[in-house]
Amino acid sequence: MNSKNITIVKPGAGNNAQSEAYDIAIQPGHTGKQVMEQLKIGSEYTLSKGDGKTVDLSADIFPLVENGEKLFATTPATVGQLAA
C-alpha cells in the first residue's frame, strides 16, 4: 500500500464548539508539517494520537499511523506554573 487515509480532528471552540474533521491521504515521507500546511491549520497547532503524546511534525508520519486512524490537531498545553 502506497498511501494511507487518515482523519485530522480539530476540536471546536467558540459559541458552537463544533469539531472539524479533515480526511487526507498520506504517502511515505509525508510529515506532520505538510499535513498541517495542506489543511491550512495554523502553525500554533500540534498533532497528537489521542493519548496526549504529540507527533513530531518534522518526522515522516506514514509509519506512525494506521490506515483509518484519527490524529488530533490541538494547541499545546502548558502543565504547571510558569516562573515569574
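Bear in mind the structure is a predicted one, so any value in this text is a computation, not a measurement. (Residues numbered from 1 in each chain as written. Predicted model: local features only at pLDDT ≥ 70, side-chain atom pairs only at ≥ 80, totals over all residues. Heavy atoms only, no water.)

**Digging into the overall build of the protein**
Right, so step 1: A count of helical and extended segments in the protein gives one helix and five strands.
Right, so step 2: The linear arrangement of helices and strands in the protein, starting from the amino end, is β-β-α-β-β-β.
Right, so step 3: For the protein, the proportion of its 84 residues judged to be buried stands at 31%.
Right, so step 4: A separation of at least 24 residues holds for 56% of the contacts in the protein among residues at least 6 apart in sequence.
Right, so step 5: Surface summary for the protein: the accessible area is close to 5700 Å², and the carbon and sulfur share equals 48%. (Helix = DSSP H or I, 4+ residues; strand = E, 2+ residues; numbered from the N terminus. Buried < 20%, exposed > 50% of the residue type's maximum accessible area, 1.4 Å probe, protein only. Contact = heavy atoms within 4.5 Å. Areas by Shrake-Rupley, 256 points an atom, 1.4 Å probe, with all protein chains shown as cover.)

**Some remarks on the pattern of salt bridges**
Right, so step 1: Applying the stated criterion to the full structure yields one salt bridge.
Right, so step 2: With its nearest N and O atoms 3.3 Å apart, the salt bridge here joins K49 to E69. Remark: E69 occurs in the loop between β4 (54-55) and β5 (70-74) and K49 occurs in the loop between β3 (46-48) and β4; sequence separation between them is 20 residues.
Right, so step 3: Given the relative accessible area of 18%, E69 is considered buried. (Salt bridge = Lys/Arg side-chain N within 4 Å of Asp/Glu carboxyl O.)

**A look at the nonpolar core**
Nonpolar side chains in soluble globular proteins tend to be buried together.
Right, so step 1: Judged by nonpolar contacts, the single largest core of 16 residues is most densely connected at I6 and I8.
Right, so step 2: Broken down by secondary-structure element, the contributors of at least two residues to this core are β1 (4-10), β2 (20-26), α1 (32-38) and β5.
Right, so step 3: With sequence-adjacent residues up to four places away left out, I6 is seen in contact with Y22, D23, I24, I26, I61, V65, E66, E69 and L71. (Core = buried A, V, L, I, M, F, W, Y, C linked by side-chain atoms within 4.5 Å.)

**With respect to the sheet that holds β4**
Right, so step 1: Taken together, the five strands give an open sheet; going across it, the order is β2-β1-β5-β3-β4, and neighbouring strands pair in mixed fashion. The strands lining the two open edges of the sheet, one partner per strand, are β2 and β4.
Right, so step 2: As paired elements, β3 and β4 share two bridges and run antiparallel to each other. By the bridge assignment, L47 is partnered in β4 with V55. (Pairing = 2+ DSSP bridges.)

**What to know about unusual backbone geometry**
Backbone phi values are negative for most residues with the exception of glycine, while trans is the configuration of most peptide bonds.
Right, so step 1: The phi torsion at K40 lies on the positive side, around 60°, for a residue other than glycine.
Right, so step 2: Following the sequence through the fold, K40 ends up in the loop between α1 and β3.
Right, so step 3: Judged by relative accessible area, K40 falls into the exposed class, the value being 75%.

**A short note on the side chain of K4**
Right, so step 1: Inspection of the secondary structure puts K4 in strand β1.
Right, so step 2: Although K4 lies buried, it forms no salt bridge, and the closest oppositely charged side chain, E66, sits 5.4 Å away as judged by the N-O distance.
Right, so step 3: Within polar-contact distance, the side chain of K4 engages the backbone oxygen of V65 at 2.6 Å.
Right, so step 4: Ignoring anything within four residues of it in the chain, the contact list for K4 reads I24, A25, I26, F62, P63, V65, E66 and N67. (Lys, Arg positive; Asp, Glu negative; His and termini not counted. Polar contact = N/O pair within 3.5 Å; in protein donor to acceptor, adjacent residues only side chain to side chain.)

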